Amino acid sequence: MNICPSPIAGLLVVETIPYADVRGVFSRLFCDKELAPLISSRQIVQVNHSRTATVGAIRGLHFQHPPHAEMKLVRCLKGRVWDVAVDLRQHSPTFLHWHAEELTPENALMMAIPEGFGHGFQVLEPDSELLYLHTAHYTPEAEEGLRYDDPHLGIKWPHTVTELSERDAKHSLIDANFQGISL
Ligand SMILES: Cc1cn([C@H]2C[C@H](O)[C@@H](COP(=O)(O)OP(=O)(O)O[C@H]3O[C@@H](C)C(=O)[C@@H](O)[C@H]3O)O2)c(=O)[nH]c1=O
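Just so we're clear, the structure is a prediction, and the values are computed from it rather than from any experiment.

So, how was this worked out
- Residues numbered from 1 in each chain as written.
- Predicted model: local features only at pLDDT ≥ 70, side-chain atom pairs only at ≥ 80, totals over all residues.
- Heavy atoms only, no water.
- Helix = DSSP H or I, 4+ residues; strand = E, 2+ residues; numbered from the N terminus.
- Rg over C-alpha atoms; globule rule 2.2 N^0.38 Å.
- Buried < 20%, exposed > 50% of the residue type's maximum accessible area, 1.4 Å probe, protein only.
- Contact = heavy atoms within 4.5 Å.
- Areas by Shrake-Rupley, 256 points an atom, 1.4 Å probe, with all protein chains shown as cover.
- Lys, Arg positive; Asp, Glu negative; His and termini not counted.
- Charge placed at Lys NZ, Arg CZ, Asp CG, Glu CD.
- Near = heavy atom within 4 Å.
- Polar contact = N/O pair within 3.5 Å; in protein donor to acceptor, adjacent residues only side chain to side chain.
- Pairing = 2+ DSSP bridges.
- Salt bridge = Lys/Arg side-chain N within 4 Å of Asp/Glu carboxyl O.
- Phe/Tyr/Trp six-rings, centres within 6.5 Å; stacked < 30°, edge-to-face > 60°.
- Axes fitted to C-alpha atoms, helices over the stretch in contact; angles between N-to-C directions.

Q: I would appreciate a short explanation of the overall build of the protein chain in the present structure.
A: Check the secondary structure of the protein chain and you find two helices and 13 strands. Expected size for 183 residues packed as a compact globule is a radius of gyration near 16 Å; at 16 Å, the protein chain falls within 12% of this value. A principal-axis box enclosing the C-alpha atoms of the protein chain has dimensions of 55 × 40 × 30 Å. Expressed as a percentage of the 183 residues in the protein chain, the buried residues total 50%. Taking contacts inside the protein chain between residues at least 6 apart in sequence as the whole, the part at least 24 apart equals 80%. Roughly 9,400 Å² of accessible area belongs to the protein chain as shown, and the carbon and sulfur atoms make up 52% of that amount. Taken as two groups, the 15 positive and 23 negative side-chain charges of the protein chain have centres that lie 3 Å from each other.

Q: What exactly am I supposed to notice about the site of the ligand here?
A: As a matter of local geometry, the ligand sits amid Gln46, Asn48, Arg59, His62, Lys72, His119, Gly120, Tyr132, His134, Tyr138, Glu143 and Arg167. The side chain of Gln46 places a nitrogen or oxygen atom 3.1 Å from an oxygen atom of the ligand. Within the side chain of Asn48, an N or O atom sits 3.1 Å from an oxygen atom of the ligand. When the free accessible area of the ligand is taken as 660 Å², the share hidden by the protein chains comes to 65%. At the level of elements, strand 5 (46-52), strand 6 (58-64), strand 11 (117-123) and strand 12 (128-134) are the ones that each hand at least two residues to the shell around the ligand.

Q: In this structure, what is going on with the pairing of strand 7 (residues 72-78)? I would like to understand it.
A: Buried residues dominate strand 7, accounting for five of its seven residues. As judged from the four bridges shared by strand 7 and strand 10 (residues 109-113), these two strands associate in the antiparallel manner. Bridge assignment links Lys72 to a residue of strand 10, and that residue is Ile113.

Q: Any chance you could explain the pattern of salt bridges here in plain terms?
A: Pairing of side chains with opposite charge becomes possible as their charged atoms draw close. Taken as a whole, this structure holds nine salt bridges when the rule is applied. Residue Glu115 pairs with Arg42 through a salt bridge whose shortest N-O separation is 2.8 Å. Here Glu115 is found in the loop between strand 10 and strand 11, whereas its partner Arg42 is found in the loop between helix 1 (36-39) and strand 5, with 73 residues between them in sequence. The class for Arg42 is partly exposed, based on a relative accessible area of 26%. With its nearest N and O atoms 3.4 Å apart, the salt bridge here joins Glu125 to Arg80. Here Glu125, found in the loop between strand 11 and strand 12, pairs with Arg80, found in the loop between strand 7 and strand 8 (81-87); they are 45 residues apart in sequence, far enough to count as distant. Under the relative-accessibility criterion, Arg80 is labelled partly exposed at 26%. Shared partners join several salt bridges into a network, and the residues in it are Arg80, Glu102 and Glu125.

Q: Please explain the packing of aromatic side chains as it appears in this structure.
A: Working definition: an aromatic ring pair is given by the centre-to-centre distance plus the angle between the planes. Inspection of every chain in the model, using the stated rule, returns five aromatic pairs. Look at Tyr19 and Phe26: their rings are 6.5 Å apart centre to centre, the planes differ by 45 degrees, and that puts the pair in the tilted class. Overall, the relative accessible area of 55% leaves Tyr19 in the exposed class. Among the residues examined, Phe26 registers a relative accessible area of 56% and is labelled exposed.

Q: Is there a simple way to think about the sheet that holds strand 2 (residues 12-15) in this case?
A: Hydrogen bonds between backbone atoms are what pair the strands of a sheet, whose relative direction is either parallel or antiparallel. Reading across from one edge, 1-2-10-7-12-5 is the order of the six strands in this open sheet, with antiparallel pairing throughout. Looking at the sheet topology across the chains shown, the edges are occupied by strand 1 (2-5) and strand 5. Along the sheet, successive strands turn relative to each other by an average axial angle of 25 degrees, direction set aside.

Q: Looking at this structure, how should I read the sheet that holds strand 9 (residues 98-103)?
A: Strand order in the open sheet formed by five strands is 9-8-11-6-13, and the pairing between neighbours is antiparallel. Two strands in the sheet have a free side with no partner beyond their single neighbour: strand 9 and strand 13 (143-145). Along the sheet, successive strands turn relative to each other by an average axial angle of 25 degrees, direction set aside. With six bridges connecting them, strand 8 and strand 9 associate as antiparallel partners. Counted as the bridge partner of Val86 is Trp98 from strand 9.

Written out as structure tokens, the structure is:
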């Protein structure tokens, strides 16, 4: 696995090197030794999977507040998604900047999204599937979201938005009182 920087400090992109032969492909999806530089003392405590049927559907943007803030490692197992992370760290020089990567099974990229970032994605192929590794348990009372179309973020989604959960449609817009996440 190659751990690559992104334009936002702390947000990393991991390249996985798949082993291909006549039978198909073998890939290591997680290794605490190889990923130690980014995982540090964190532990993976939950593994989630989602399948999203419709091209253009968006999930996000989601995050958990401290003390339930988490690192998420996200990869695409099927289809194609445009995965975006937004820097919400209070006092970060890149506060409210975002970075996106297209994730596919073929490019085998994994976004390593640390605490203090919002995360979302848009589906670019039908029935796209994502695998998430989390370093904190799901804590709905600590969870918050931002609007995918928040003008303060200006995220340039690659496809027309076709579907959104009721919850994601109701997130508040960022206003002058929004301080970000204090870690
Ligand atoms: C995220 C999550 C949801 N759920 C439940 C709550 C709800 O009934 C159902 C669907 O949840 P949601 O609508 O929040 O699912 P979804 O909108 O897909 O939420 C996900 O979005 C992406 C962008 C992320 O980054 C993920 O961490 C997660 O927040 O699953 C769990 O039981 N455990 C979990 O970890």
